[in-house]
Amino acid sequence: MTLPRLALTLGDVAGIGPEITAKSLLGHDELRARCIPVVIGDEAAMRRGVADVGGDPDVVRVIASVADATNTPGTIELIQVGPSLEAVEQGVLSAEAGDGAYRFVVEACRLARDGEIDGIVTAPLNKAAMHAGGHSFPGHTELLAHEFGVKNYSLVLSAGELYFFHLTTHVSMRQAIEDITFERTLSVLRLAGAFARSMGKPNERIGLAGLNPHAGENRIFGDEDADILQPAVEAARDEGLNAVGPLPGDALIPAAVRGQYNLAVVCYHDQGHAPFKAVYGDDGVNITVGLPVVRVSVDHGTAFDIAGKGIAREASLVLSLERAATLAPGWEHVWRAAQESPNPTA
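### Re helix H11 (residues 315-327)
Part 1 of the argument: The end-to-end C-alpha distance of H11, which contains 13 residues, comes to 18 Å, matching closely the 18 Å that a straight helix rising 1.5 Å per residue would cover.
Part 2 of the argument: Along H11, the residues that are buried comprise Ser316, Leu317, Val318, Ser320, Leu321, Arg323, Ala324, Ala325 and Leu327.

So, in structure tokens, the structure goes:
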């Protein structure tokens with residue numbers, strides 16, 4: 001069996017990305033039986049990350065292309081992207097590191113477009129650093145969508161068989177409310193349905209969380225649930241999707257955690273992220289649905305406060321590599337299903 005080739009972007013090198021990458025690739029040899037990981041990043045930062053966890057920096061091997069990877073346990077094979085980031089200080093917000101994190105993702109996308117890799121796994125970047133480096137994307141998800149030229153996509157938090165799709169992500173609450181339109185809601189419901197079909201579950205129930213407390217309580221707490229979300233659910237059901245809602249978020253999310261819903265759509269970042277991280281912690285990952293290749297990421301940030309101390313946990317990155325390796329062989333079906341779901345008009 002041909003193993004999937006995964007581009008592992010190093011993220012912001014001032015943060016814990018190099019450290020958790022070192023721990024994942026040097027301490028979990030079982031990953032080598034599931035995928036061929038190639039780090040897309042910076043040699044100096046990677047060598048420092050290995051040293052931070054008590055390893056020999058010489059295990060880092062720079063290669064010219066993914067095809068050169070040998071997948072040898074005890075080594076880290078890396079493609080150098082751009083100038084060295086050796087001067088970047090750990091734990092300090094840096095425009096240079098933010099620009100590097102951006103370049104790593106762009107290179108991974110190029111490799112995917114050229115058919116050299118089967119999936120992308122991302123260590124965390126820092127949004128403020130990326131902005132300081134001259135790249136004004138809200139985050140990884142939006143940057144990836146831009147690079148692949150897609151508009152119909154969703155950030156999806158996943159743990160086990162549970163998937164939280166998001167209508168909005170890295171925007172202010174005021175902007176999130178403006179961005180939640182009938183078109184966007186229907187589009188994400190369609191995307192969730194397409195994802196379910198790709199997994200062989202065309203009748204999977206999709207729960208939509210309400211925007212306002214109690215899903216508006218018959219317009220007492222706002223009109224958005226009745227005027228935007230409910231019509232989108234009805235339109236989705238008319239198209240054959242098993243969509244339900246809008247349901248009060250404090251009812252839907254606990255029900256999903258208990259296994260009563262495997263697919264849930266939430267309205268804004270913290271409505272999904274806060275309870276998900278509280279329950280699943282390192283057992284969760286971030287998947288971008290709607291891209292031509294699988295992309296899985298850790299569900300945590302750069303943790304500047306502990307960078308370089310050798311204490312960062314690699315569990316979420318290991319899980320991300322495992323999940324990407326599992327999804328990559330069948331991702332063409334997910335991509336095809338997403339393309340069959342019409343793009344939003346807003």
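### Details of the pattern of salt bridges
Part 1 of the argument: Within the structure shown, the criterion is met by 13 salt bridges.
Part 2 of the argument: For Asp114, the salt bridge identified is with Arg110, shortest N-O distance 2.7 Å.
Part 3 of the argument: On the basis of relative accessibility, which here comes to 46%, the residue Asp114 falls in the partly exposed class.
Part 4 of the argument: Note on Arg110: relative accessible area 31%, which makes it partly exposed.
Part 5 of the argument: For the salt bridge of Arg219 with Asp227, the shortest nitrogen-to-oxygen distance reads 2.7 Å.
Part 6 of the argument: When its relative accessible area of 43% is taken as the criterion, Arg219 is described as partly exposed.
Part 7 of the argument: Each of the salt bridges in this network shares a partner with another, and the network as a whole consists of Glu107, Arg110, Asp114 and Glu116.

### Things to note about the nonpolar core
Part 1 of the argument: Residues Met46, Phe148, Phe165, Leu189, Ile287, Val289 and Trp331 are the most contacted members of the largest nonpolar core, which totals 97 residues.
Part 2 of the argument: Among the elements that line this core, the one with the most residues is helix H3 (residues 95-113), at 9 residues.
Part 3 of the argument: Beyond its immediate sequence surroundings of up to four residues, Ile287 is in contact with Ser154, Leu155, Val156, Ser158, Tyr163, Arg295, Val296, Arg323, Leu327 and Trp331.
Part 4 of the argument: Of all hydrophobic cores here, the second largest spans 15 residues; its members include Leu157, Ala159, Leu162 and Phe164.

### Overview of the side chain of Ser24
Part 1 of the argument: By secondary structure assignment, the location of Ser24 is in helix H1 (residues 17-27).
Part 2 of the argument: A relative accessible area of 0% places Ser24 in the buried class.
Part 3 of the argument: Separated by 2.7 Å, the side chain of Ser24 and the backbone oxygen of Ile20 make a polar contact.
Part 4 of the argument: Residues in contact with Ser24, not counting those within four places in the same chain, are Leu31, Glu314, Leu317, Val318 and Leu321.

### Comments concerning the sheet that holds strand S12 (residues 294-298)
Part 1 of the argument: Judged by pairing direction, the sheet is mixed, and its 12 strands sit side by side in the order S3-S4-S2-S1-S5-S12-S11-S6-S7-S10-S8-S9 without closing on themselves. On the outer flanks of this sheet lie strand S3 (60-62) and strand S9 (243-247), each paired with one strand and no other. Strand-to-strand twist of the sheet, defined as the mean angle between neighbouring strand axes without regard to direction, takes the value 25°.
Part 2 of the argument: Strand contacts of helix H8 (residues 224-238): strand S8 (206-209) and S9, with the helix running at about 170° to S9, the strand carrying the most contacts.

### Re helix H10 (residues 269-280)
Part 1 of the argument: The end-to-end C-alpha distance of H10 is 16 Å, a good match for the 16 Å that 12 residues give at a rise of 1.5 Å each.
Part 2 of the argument: Taken as a whole, H10 has its buried residues at Gln271, Gly272, His273, Phe276 and Tyr280.

### What about the environment of Val294?
Part 1 of the argument: Note that Val294 resides in strand S12.
Part 2 of the argument: Judged by its relative accessible area of 0%, Val294 is buried.
Part 3 of the argument: Taking C-alpha positions, Val294 is 9.3 Å from Pro329, a pair spaced 35 residues apart along the chain.
Part 4 of the argument: When near neighbours in sequence (up to four residues on either side) are disregarded, Val294 contacts Asp118, Gly119, Ile120, Ala324, Leu327, Ala328 and Trp331.

### Notes on the side chain of Arg184
Part 1 of the argument: Checked against the element boundaries, Arg184 lands in helix H7 (residues 182-198).
Part 2 of the argument: In this structure Arg184 is buried but unpaired, with Asp179 as the nearest side chain of opposite charge at 7.9 Å.
Part 3 of the argument: At 3.2 Å, the side chain of Arg184 forms a polar contact with the backbone oxygen of Tyr153.

### Remarks on the environment of Gly193
Part 1 of the argument: Inspection of the secondary structure puts Gly193 in helix H7.
Part 2 of the argument: What makes Gly193 buried here is its relative accessible area of 4%.
Part 3 of the argument: Spatially, the C-alpha atoms of Gly193 and Gly240 are 9.3 Å apart, while their sequence positions differ by 47 residues.
Part 4 of the argument: Residues contacting Gly193, with those up to four places away along its chain left out, are Ile206 and Leu241.

### Some words on the packing of aromatic side chains
Part 1 of the argument: Tallied over the entire structure, the rule returns 5 aromatic pairs.
Part 2 of the argument: Both rings, one in Phe276 and one in Tyr280, keep their centres 5.0 Å apart while their planes meet at 45°; by these two values the pair is tilted. Taken together, the positions of Phe276 and Tyr280, both in helix H10 and 4 residues apart, correspond to about one turn of that helix. Comparing Phe276 with Tyr280, the two get one shared label, buried.
Part 3 of the argument: Taken together, Tyr163, Phe165 and Phe195 form an aromatic cluster joined through their ring pairs.
Part 4 of the argument: A cation over a ring is seen here: Arg205 above Tyr261, with NZ or CZ 4.0 Å from the ring centre.

Thresholds applied
Residues numbered from 1 in each chain as written. Predicted model: local features only at pLDDT ≥ 70, side-chain atom pairs only at ≥ 80, totals over all residues. Heavy atoms only, no water. Helix = DSSP H or I, 4+ residues; strand = E, 2+ residues; numbered from the N terminus. Expected span 1.5 Å × (residues − 1). Buried < 20%, exposed > 50% of the residue type's maximum accessible area, 1.4 Å probe, protein only. Salt bridge = Lys/Arg side-chain N within 4 Å of Asp/Glu carboxyl O. Core = buried A, V, L, I, M, F, W, Y, C linked by side-chain atoms within 4.5 Å. Contact = heavy atoms within 4.5 Å. Polar contact = N/O pair within 3.5 Å; in protein donor to acceptor, adjacent residues only side chain to side chain. Pairing = 2+ DSSP bridges. Axes fitted to C-alpha atoms, helices over the stretch in contact; angles between N-to-C directions. Lys, Arg positive; Asp, Glu negative; His and termini not counted. Phe/Tyr/Trp six-rings, centres within 6.5 Å; stacked < 30°, edge-to-face > 60°. Lys NZ or Arg CZ within 6 Å of the ring centre and 35° of its normal.

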